[in-house]
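What the coordinates show
Residue strings, one per chain:
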Number of protein chains: 4
Amino acid sequence: MESSILKIKDRTLSSVARVVDEVTDVILSWVGNIGEDLSRSQDIDKLLSKMRECVSPKGGEVKARHNTISLGNLYLQLSEAGKSRFLRMLNDQFSSNREDIEQSISAYVNNTDPELEEKLRFELAAVLCSPRMGILKQFMSLSEGVRFLVSMRADVISLSRRGENFFALERDLKGLLSSLFDVGLLELRHITWDSPASLLEKLILYEAVHAISSWEDLRYRLDSDRRCFAFFHYKMPQEPLIFVEVALVESVSNNIQALLDESVPKRDPTSAKVAIFYSISNTQVGLSGINLGNFLIKRVVSRLSGEFPSIKTYATLSPVPGFVKWLMGVLETEGNGFLRSVGILCSAVDLSEQVNVVNGGAGYVPELYQEILLKLCAHYLKTMTGSKVIDPVAHFHLSNGALIMRINWMADTSEKGLAASLGIMVNYSYELSKIDDNHESYVVHGKVIYSREVASLLKKG
Amino acid sequence: MESSILKIKDRTLSSVARVVDEVTDVILSWVGNIGEDLSRSQDIDKLLSKMRECVSPKGGEVKARHNTISLGNLYLQLSEAGKSRFLRMLNDQFSSNREDIEQSISAYVNNTDPELEEKLRFELAAVLCSPRMGILKQFMSLSEGVRFLVSMRADVISLSRRGENFFALERDLKGLLSSLFDVGLLELRHITWDSPASLLEKLILYEAVHAISSWEDLRYRLDSDRRCFAFFHYKMPQEPLIFVEVALVESVSNNIQALLDESVPKRDPTSAKVAIFYSISNTQVGLSGINLGNFLIKRVVSRLSGEFPSIKTYATLSPVPGFVKWLMGVLETEGNGFLRSVGILCSAVDLSEQVNVVNGGAGYVPELYQEILLKLCAHYLKTMTGSKVIDPVAHFHLSNGALIMRINWMADTSEKGLAASLGIMVNYSYELSKIDDNHESYVVHGKVIYSREVASLLKKG
Amino acid sequence: MESSILKIKDRTLSSVARVVDEVTDVILSWVGNIGEDLSRSQDIDKLLSKMRECVSPKGGEVKARHNTISLGNLYLQLSEAGKSRFLRMLNDQFSSNREDIEQSISAYVNNTDPELEEKLRFELAAVLCSPRMGILKQFMSLSEGVRFLVSMRADVISLSRRGENFFALERDLKGLLSSLFDVGLLELRHITWDSPASLLEKLILYEAVHAISSWEDLRYRLDSDRRCFAFFHYKMPQEPLIFVEVALVESVSNNIQALLDESVPKRDPTSAKVAIFYSISNTQVGLSGINLGNFLIKRVVSRLSGEFPSIKTYATLSPVPGFVKWLMGVLETEGNGFLRSVGILCSAVDLSEQVNVVNGGAGYVPELYQEILLKLCAHYLKTMTGSKVIDPVAHFHLSNGALIMRINWMADTSEKGLAASLGIMVNYSYELSKIDDNHESYVVHGKVIYSREVASLLKKG
Amino acid sequence: MESSILKIKDRTLSSVARVVDEVTDVILSWVGNIGEDLSRSQDIDKLLSKMRECVSPKGGEVKARHNTISLGNLYLQLSEAGKSRFLRMLNDQFSSNREDIEQSISAYVNNTDPELEEKLRFELAAVLCSPRMGILKQFMSLSEGVRFLVSMRADVISLSRRGENFFALERDLKGLLSSLFDVGLLELRHITWDSPASLLEKLILYEAVHAISSWEDLRYRLDSDRRCFAFFHYKMPQEPLIFVEVALVESVSNNIQALLDESVPKRDPTSAKVAIFYSISNTQVGLSGINLGNFLIKRVVSRLSGEFPSIKTYATLSPVPGFVKWLMGVLETEGNGFLRSVGILCSAVDLSEQVNVVNGGAGYVPELYQEILLKLCAHYLKTMTGSKVIDPVAHFHLSNGALIMRINWMADTSEKGLAASLGIMVNYSYELSKIDDNHESYVVHGKVIYSREVASLLKKG
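Residues numbered from 1 in each chain as written. Chains lettered and ligands numbered in written order. Predicted model: local features only at pLDDT ≥ 70, side-chain atom pairs only at ≥ 80, totals over all residues.

1. Some details on the interface of chain D and chain A
Each side of the interface is counted separately: chain D has ten residues, and chain A has ten residues. Among the secondary structure elements, those contributing two or more residues to the side of chain D that touches chain A are helix 10 (197-206) and helix 11 (215-221) of chain D. In the side of chain D that touches chain A, the residues fall into five nonpolar, three polar and two charged. (Contact = placed C-beta atoms within 7 Å. Helix = DSSP H or I, 4+ residues; strand = E, 2+ residues; numbered from the N terminus. Nonpolar A, V, L, I, M, F, W, Y, C, P; charged D, E, K, R; others polar.)

2. Digging into the interface of chain C and chain D
The interface of chain C with chain D comprises 41 residues on the first partner and 41 residues on the second. Sorting the residues of the side of chain C that touches chain D by element identifies helix 3 (60-77), helix 5 (98-110), helix 6 (117-128), helix 9 (167-180), helix 13 (293-307) and helix 20 (435-443) of chain C as the ones contributing at least two each.

3. Thoughts on the nonpolar core
Ranked by size, the top nonpolar core spans 458 residues in total, and within it Cys377(A), Cys377(B), Cys377(C) and Cys377(D) carry the most contacts. For Cys377(A), the contacting residues outside a window of four places in its chain are Val320(A), Phe323(A), Ile407(A) and Ile424(A). (Core = buried A, V, L, I, M, F, W, Y, C linked by C-beta atoms within 7 Å. Buried ≥ 20, exposed ≤ 12 C-beta atoms within 10 Å, placed from the backbone.)

4. Some details on the environment of Ala197(B)
On the secondary structure map, Ala197(B) appears in helix 10 (residues 197-206). In this structure Ala197(B) comes out as buried when scored by C-beta crowding, with 22 C-beta atoms within 10 Å. Along the backbone, Ala197(B) and Trp215(B) are 18 residues apart, and their C-alpha atoms lie at a distance of 9.9 Å. If sequence neighbours within four positions are ignored, Ala197(B) has contacts with Trp193(C), Ser195(C), Ala197(C) and Leu200(C).

5. As for the domain arrangement of chain A
Residues and elements named next belong to chain A. Taken domain by domain, chain A holds domain 1 (23-95 + 130-180), domain 2 (183-318) and domain 3 (323-458). Counting residues at the interface gives 15 residues for domain 2, matched by 17 residues for domain 3. Secondary structure elements with two or more residues in the side of domain 2 that touches domain 3: helix 12 (256-260), helix 13 (293-307) and strand 5 (313-316). For the side of domain 2 that touches domain 3, the per-class residue count stands at seven nonpolar, eight polar and no charged. (Domains from an automatic or database assignment.)

6. Re the pairing of strand 9 (residues 425-429) of chain B
All names here are of chain B. For strand 9, the tally of buried residues reaches five of five residues, placing the bulk of the element in the interior. The two faces of strand 9 match: Met-425, Asn-427 and Ser-429 on one face and Val-426 and Tyr-428 on the other face are all buried. Relative to strand 9, strand 8 (residues 403-408) runs antiparallel, the two sharing five bridges. Its bridge partner lying in strand 9, Ile-404 is registered against Tyr-428. (Pairing = 2+ DSSP bridges.)

7. So, the arrangement of the chains
In this assembly chain A lies apart from chain C, the nearest approach of their C-alpha atoms being 18 Å. No part of chain B reaches chain D; the closest C-alpha pair between them is 19 Å apart.

8. Notes on the confidence of the model for chain A
Residues and elements named next belong to chain A. Averaged over every residue, the pLDDT of chain A is 89; the share at 70 or more is 92%. In this model, residues 1-23 is a region of pLDDT below 50 whose contacts with residues beyond four sequence positions or in other chains number twelve contacts. Of the two predicted TM-score estimates for the complex, the pTM is 0.90 and the ipTM is 0.89. (pLDDT = per-residue confidence, 0-100.)

9. A look at the relation of the copies chain C and chain D
Each copy of the sequence occupies a distinct position, and chain C is placed on chain D by a rotation of 180 degrees and an axial shift of 0.0 Å, giving an RMSD of 0.2 Å. Between the two chains, the operation in question is that of a two-fold axis. For chain C, the smallest separation between a C-alpha atom and the rotation axis is recorded for Ala125(C), amounting to 2.9 Å. Take the interface residues of chain C: 100% of them recur as interface residues in chain D, which is what a same-surface contact looks like. (Least-squares fit on C-alpha atoms with pLDDT ≥ 70 in both.)

10. Examining the UniProt feature "domain: Malonyl-CoA decarboxylase N-terminal" (unreviewed entry) in chain A
In this structure's numbering, the residues bearing the UniProt feature "domain: Malonyl-CoA decarboxylase N-terminal" (unreviewed entry) are residues 94-181 of chain A. Between the end C-alpha atoms of residues 94-181 of chain A there is a gap of 24 Å, over a span that is 73% helix and 0% strand. (UniProt positions renumbered as here; feature names shortened; annotations may be inferred.)

11. A few points about helix 9 (residues 167-180) of chain D
At 3.6 residues per turn, the α-helix brings residues three or four places apart onto the same side. Taking 1.5 Å per residue as the helical rise, helix 9 of chain D with its 14 residues ought to reach 20 Å, and the 20 Å between its terminal C-alpha atoms agrees with that figure. For helix 9 of chain D, the set of buried residues is Ala168(D), Leu169(D), Asp172(D), Leu173(D), Leu177(D) and Leu180(D). Taken end-on, helix 9 of chain D shows its buried residues confined to a sector of 155 degrees, consistent with a single buried face. Buried-residue contacts for helix 9 of chain D involve helix 6 of chain C together with helix 4 (80-93), helix 7 (131-138) and helix 8 (145-161) of chain D. (Expected span 1.5 Å × (residues − 1). Arc of directions from axis to C-beta.)

12. Overview of helix 20 (residues 435-443) of chain A
Listing the buried residues of helix 20 of chain A in full gives Ile435(A), Asn438(A), His439(A) and Tyr442(A). In an axial view of helix 20 of chain A, the angular spread of the buried residues amounts to 100 degrees, which keeps them on one side of the axis.

13. A word on the pairing of strand 5 (residues 313-316) of chain B
Residues and elements named next belong to chain B. Bridge count for strand 4 (residues 274-282) against strand 5 is four bridges, and the pairing is parallel. Counterpart to Val-274 in the pairing with strand 5 is Thr-313. Regarding topology, helix 13 (residues 293-307) serves as the crossover connection from strand 4 to the parallel strand 5, and that connection is right-handed. (Right-handed = clockwise from strand over helix to strand, strands pointing away.)

14. Points about the environment of Leu124(D)
Along the chain, Leu124(D) turns up in helix 6 (residues 117-128). In this structure Leu124(D) comes out as buried when scored by C-beta crowding, with 23 C-beta atoms within 10 Å. Separated by 17 residues in sequence, Leu124(D) and Ala107(D) have C-alpha atoms that sit 8.8 Å apart. Here Leu124(D) is in contact with Leu128(C), Ser104(D), Ile105(D) and Tyr108(D), once residues within four sequence places are set aside.

15. Points about the packing of helix 5 (residues 98-110) of chain D against helix 6 of chain D
Any two packed helices are characterised by how steeply their axes cross, that is the angle between the axes, and by the distance between the axes. Residue and element names in this part refer to chain D. As a packed pair, helix 5 and helix 6 sit with axes 9 Å apart at the nearest point and diverge in direction by 165 degrees. Judged by the angle between their axes, helix 5 and helix 6 are roughly antiparallel. The handedness of the crossing between helix 5 and helix 6 comes out as left-handed. On helix 6, the residues touching Asp-100, Ile-101, Ser-104, Ile-105, Ala-107 and Tyr-108 of helix 5 are Leu-120, Arg-121, Glu-123, Leu-124, Val-127 and Leu-128. (Axes fitted to C-alpha atoms, helices over the stretch in contact; angles between N-to-C directions. Parallel < 35°, antiparallel > 145°, perpendicular 65-115°, else oblique. Left-handed = near helix turned anticlockwise from the far one by under 90°.)

Okay, here's the thing in structure tokens:
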């Protein structure tokens, strides 16, 4: 799969390259002979003056757009170093003017006419909106402008992770993208085996939970007893933004192996009783922090309810990414004391050993230890730091209003699954009638909701 | 045509009514038994509490959307009086909190750490963004959410024109719609006789310059030597936002009668030398102030240039809406003095009489007076108030970078044309190579650009 | 409407003309300088040799197709006289060879080997298939080949009606078109106000029963309580082949005026109890004799049954085109004798006079005569010549398995309706459970099926 | 790949099964309790009577269609043995009646009125058209009727290959399918990586020349310097009927390995000089004998000519399927005598041994033998039996008007390629200006056209 991903990336790059070829002449005539890494100071000067032409244009707003389009095409041509310098300029040079802000603040604060209150607020807000934002908005007129902005934010995030400061630019981009990708503007699409191969290929590339091992695996996940839904933006019609994979089954799945086993014959979906959400993946780094998962799950639940009246249970089969790490930490620091506090009487040393055995790939663990580990996992899931549980997947589903339904032994025996959670997976259940209350319990009162089955795991002794 | 328009309106209303029927139960269960004109104080109280549920939701952001969807459907059910009260609440109750703003201002003003500068700006901007805006954005999740917002702003504008104050709500709506209808997100479509009748019907309804008298008239305007282009938003696919009508002809048209005469056989467009833009109409009251005309004209020029290499001249045939009014005013107040100042020696009284004759519908005017009136029209077109010429059509084209090319006698002999401008129409010319300079001359230096032909009209004596 | 139709025809011709322009050079290089009316003998010789190149091609079958495409484009360029000569050649020169046929017949008749029986039949059938048919099939490769064949048959039928003999060509074309337009290959489409104006325009043009007076009339017929369905061929996507107009109403309509009255507000179709088929029109002369009406009505009944469970009655409101003509003939030739034989005691002379009164447009007829005329109409409807009733509309519906349900007085008060049937119209009812039996009764046993209501009309005295 | 093919077949079967489920009730109520293998005589009797209801229907033609639809759905439910019995009945029982034919023949032969000549021919032809054909045509009204007929003919062909006689049925089916799949009714489509995965999967399944080894291989064959075109029928929109794969390259390819090597970077297609047709595959057994390849190649040549003006050479890289078999035969029967007759002096025994060496997979052959084997291949390619060359691929391209351009050593080193032709492949060249002449030379005069290069290979000594 790795090689396949690389090929996709190459092809994407070359398609961008082709577009760039077409516009090179136009850019050159506009910006002149500029180096692709912007290493010379005259390049920087020239670019800065061009950026300014995008903000206070002679020639009117149509001309300004054209300038920004040229600027965007230039960006696509730059080397990595060049892009970094380009973004640096955009971040550092195009903030709002402090004096203008202070003047506006002063007008607002000193105003005593209630009639003018709102007008002065809007004026202050307008002054706070940076010239940079003006340029960013104009990029939307690029032939793939929306995708351009998403990519630019991905570039900014990647540079930020290396320690560079692009705070203002990143925040402006996030603000703009949040408006553009408002869930009310997105389209929910059912992805099937009849979808374009070039789109399906991206599922293989982006699947973040249970890797898709081959096109046969993919086809199996799109078969008649499965569903795959994604959100799309009309300006990026071939890019799924987030997608979820669902299995329509008889009863709540307790392991992922059976779900992904291609040799299991498909079932008749019209008699299914349970919809299992077994994978949900975000695809765009450039959209991080813009949460769509909550909306996606509920739209899909609502759609499946209409299509399959026989389905009464909506649940996930989810990983527990932080369990082993947490457990080993607890055993090391608090050891037997902790175990006893939750009603477990075995020795921390013995338990550590068992964890290592499972972790190392050996399937078998004495039944006694299975129970102990499930119990510990239940404790882990309700462990909070501040107002959140520490497991990120648990936090996502609990804050969506789901409850912890069941904890499953040997539910993901892949190397990754064993390493992260000793193969344990969790079902979170979405009961439509209780979602609002559950959400409030968790988000407002910090209370984790779980089933009786999980409750009995948590009981002492 | 009037009756046809009324029918369209009726049908639109009834289609909205149908949607409302479907959701009535849902709304009722949510908001309870509420009167359609919100005349009782308990209705107002209930609604206010529901609006608050859209802003600080229990149940999470998905729940908040659902609340807002119910709120929007309720709005559609209200009477005119009810809508006015609903909007009043939205305008008056959901502004940002003044104390929060002052606190944020104080944090910003007192900050001395340059590292925090940008962060505090974003915080201040966030506080300035009203809770009202949060509700408005959530309306986008209505099944026709974007159209809903456009309609709501039309309602607000209509109420404002009657003297009510909806400043904050109107500004918030305009801000939101400006983002949504950014030209980079719109689609330019060629409208033809193969377009849906339900779409073409809207051209008849919305045409604002030269009324479309029948379906035959419409078909003639969409024939092979004509072009009609419009901008569309992907969420309102059957609603043209602004459209322009173009004739592909041999030479610059000097009257509208010939252009609209259905008995004139169509020409082969591939040999056309001139594209005449003879009508441009905005369609959505709710989008007023969001200027798309400039972009539309230039996109169409660019597209036609590609399709018809033989076309070298792009010009309009435009009305002169304010000429008669201005002229009568000038003759009354300044009379012969003014006439002499522009080199005209006839008496103001005689001229007034001639104007009334034409104005009253009598076609014939002595040739001497034709020349005098054309000369006066040229003076009118360059008359400025502040930094703008007073004729709104002239201002639109001049600020787009066009120049005044020619002033035509008896170019629009319709009642409307005679009343407004004695039948005079103007060609504005868009020369691609000069648009930027023309724009700057007018917008920056306040200089009106015109052709030699017009210049000679302006010469004294 | 007439002028509108002429305009459509002109536009169609000119669009053909445009295509012809593009291919003229190609044709000229192929066929040389040929006159558009083929009046010179060398033109005929040249064309004949070219037609032969389409049948026994050097260069293979691809080349033969190209030749035939050139031949088809030439046809489109010819004058009316030229087309007639072209078709004459095709009819007279490209029949099967009589000697080949006789040889094949002889081989078949003299064969005694049962193993060879089928083989020899196919050989004989192959020889009977004319070279002309080979050319016709190749016309399908023209850019609008299927439409070309339909038009050519319309031309042939038009010439035949003027007395020319094109028997062989007409039969070959009909055979080919019957295969192409097999109902299994056609698509049923719902036509709405959202359909292209260029398609809707054709409904106005082709409506054969109750003329569509305006676009408003058309819109009314496509409103939410109406349905219009048509069959389409995928190679003529903008040409409805046959269409039916249906009203969804409360009870069986007894006059056409109310159905077409635009001032009647539309009803909620979901509560309709009756579907009235009030107009069915064939559109293509070139498809005459290829009956699609029967299939269309039953497909529409089946589709509406699915969509509107509340509709229990499917009936027509149909004209009685031959009633007055038949009645006047009978009164003239058999007079009182005939009247007495059906139990009517008034005098033939008095009756004739009343008929003339109605016929002449005077609305009022004494009630006595209304009853007499309805009774006579019932007799007319069951009058047979050979195995068919003489009224063509009655024959169509009876052979489809419908029954005569009701005869309505003053049901079509248009000039046309009064002249043909004294304003009388008939409801034929399609009862799904009885259609097969009704069909057999009529077609096999020559028995006309009618309701009790009609039976009581037929009773003597 | 095999397993992948099996999966597709399974899925197709199960989708048919699903359709069958839906209609089972309908069929049962129509045909009663019938065994799926038709092994009981009462089943046969019942079915025969039902088939007769499709031919001479009570209830009219709509009823007859419904009967045939039930019949078709029954067929889909039968076991293999049942299908064979069903087809047997259709073949044996529904031919034209011999007496009717003789009567019609007699009327035709004895007629002396030239006016009646054509009429009697059509009547004879009509009688020769079997009742069976009537049933087959009505199958078109099945929901996938056209596909049904193609499958039925595939079944018939498969049974015929096992020695059963279905002559009449097979010929009727072929006649009907030839009309339905006339090239003028087909659509040429460009297949790309953006096509549905479910369609692309079929390319993998159907590729008959160079097996597609994986989805990566497939993607490589659809990359920007490749083209894949297929013919489609509008009633089978997801089934390519025949497809061709083309590489856009710098010079005429002399081996398939380089063409299929995924590690070779793609070229810029706009600068390509040569289009190489390296694979052409028929996909439907049920369409055998209906030749579309000739049309496909020429449509693709014409399309590529328009898109890529720089391409001047259109050639194939084709297998030589019968070379080894022919050569070994010749060496065995005629040995040295034959070799000497074509100017080769080596011994037949030595040569045989070399052939076996290559054939067995050992790559290396002394250069001397390479030359000898290429020379012998050239002789093979022009060896005729009757009016055709014996190599089927050579016959296909020669009769299309191509010429033998070049014979390439070690051009296909796959096991299959070595076994069939010692790895030799041939370029056939399509020169547009010579295609007609080449075709005529070969088809009319039996002359094989080849290049100078091949001519020099054929020279003695």
